[in-house]
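Results of the structural survey
Residue strings, one per chain:
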Amino acid sequence: MNRVMWIGAALLLAACGSEPTDDELAADAWDAISGYESWGQADPWTGIQPSGRAHGAFVQIWFDDVAEGALGGTIPDGGMSVKENYDAADATEPNKVFVMQKIDGYDEANGDWFYARYSPDGSVDVAGQGAITACADCHNTDTGVDRLLSQRDDPATTDE
Ligand code: HEC
């Protein structure tokens, strides 16, 4: 076993039995969304669209297979959504990358959603419990679609 593998195994052992921290969850979520540009999108949120509000002028939204297959109902454990925001409809680079990940038992009061916002290079702005005020307080306003605000009947009129 080489040194890197040994350290990896030691870290894995150390992690067993303890809950991952929000920083660890944020790092894992960033890894998990790798390649999200090829994930599915849901009407009318295909391609770059004007945002209802809150995420800048324009946004683009993706869902992984788990979330996409459950849209309209409760998203199962592990389901993820990624959102990029832009200043202009013809932008090529996002300002920020927003992630929602369903983690059973993570935070029942907030629908067991883990929220994180990253810069495009993957550095974390806010994540987990530190993101409740910045994210969940707004996303909690409609629980009928499991807090996915793009899935409301009238997403453009979302207000807080
Ligand atoms: C003021 C309200 C508000 C705040 C605060 C907010 N969002 Fe959103 N979010 C929305 C709305 C509205 C949509 C639907 C698309 C749109 O109109 O841009 C959305 C969509 C999303 C989506 C796409 C999945 C979906 O349909 O909900 C993700 C992912 C997301 N937000 C993550 C976040 C994260 C992470 C934060 C915190 C850093 C955050 N949001 C803060 C209002 C908000």
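As a starting point, this report considers the structure included with it. (Residues numbered from 1 in each chain as written. Predicted model: local features only at pLDDT ≥ 70, side-chain atom pairs only at ≥ 80, totals over all residues.)

1. Some words on the sheet that holds strand β4 (residues 96-102)
Read from one edge to the other, the open sheet built from 6 strands follows the order β1-β2-β3-β4-β5-β6, with strand pairing classed as antiparallel. Edge strands, defined here as strands with exactly one partner in the open sheet, are β1 (49-50) and β6 (124-127). Of the pairings in the sheet, the one linking β4 to strand β5 (residues 113-118) comprises 6 bridges and is antiparallel in character. Considered in β5, the bridge of V97 is made with Y118. (Pairing = 2+ DSSP bridges. Helix = DSSP H or I, 4+ residues; strand = E, 2+ residues; numbered from the N terminus.)

2. Some points on the environment of P120
For P120, the position within the fold is in the loop between β5 and β6. By the C-beta count within 10 Å, which is 11 here, P120 ends up exposed. Separated by 27 residues in the primary sequence, P120 and E93 have C-alpha atoms spaced 8.2 Å apart. Those residues in contact with P120, other than ones at most four positions away along the chain, are E93, P94 and V97. (Buried ≥ 20, exposed ≤ 12 C-beta atoms within 10 Å, placed from the backbone. Contact = placed C-beta atoms within 7 Å.)

3. Focus: the environment of A29
Following the sequence through the fold, A29 ends up in helix α2 (residues 22-32). Between the C-alpha atom of A29 and that of F114, which follows or precedes it by 85 residues, the distance is 9.2 Å. Setting aside its immediate chain neighbours within four residues, A29 contacts V99, Q101, F114 and A116.

4. Looking at the pairing of strand β2 (residues 58-63)
Of all 6 residues in β2, 5 are buried, a share of seventy percent or more. Direction of pairing for β1 relative to β2: antiparallel, over a ladder of 2 bridges. Bridge pairing links P50 to F58 in β2. Of the strand pairs in this sheet, β2 and strand β3 (residues 80-86) are connected by 6 bridges, and their pairing is antiparallel. Across the sheet, the residue bridging to V59 is N85, located in β3.

5. So, helix α4 (residues 132-139)
If you check which residues of α4 are buried, you get C135, A136 and H139. Angularly, the buried residues of α4 cover 80° about the axis, an arc narrow enough to put them on a single face. When the buried face of α4 is taken as reference, the exposed residues oriented beyond 90 degrees from it are T133 and D137. As for α4, its buried residues are in contact with β5. (Arc of directions from axis to C-beta.)

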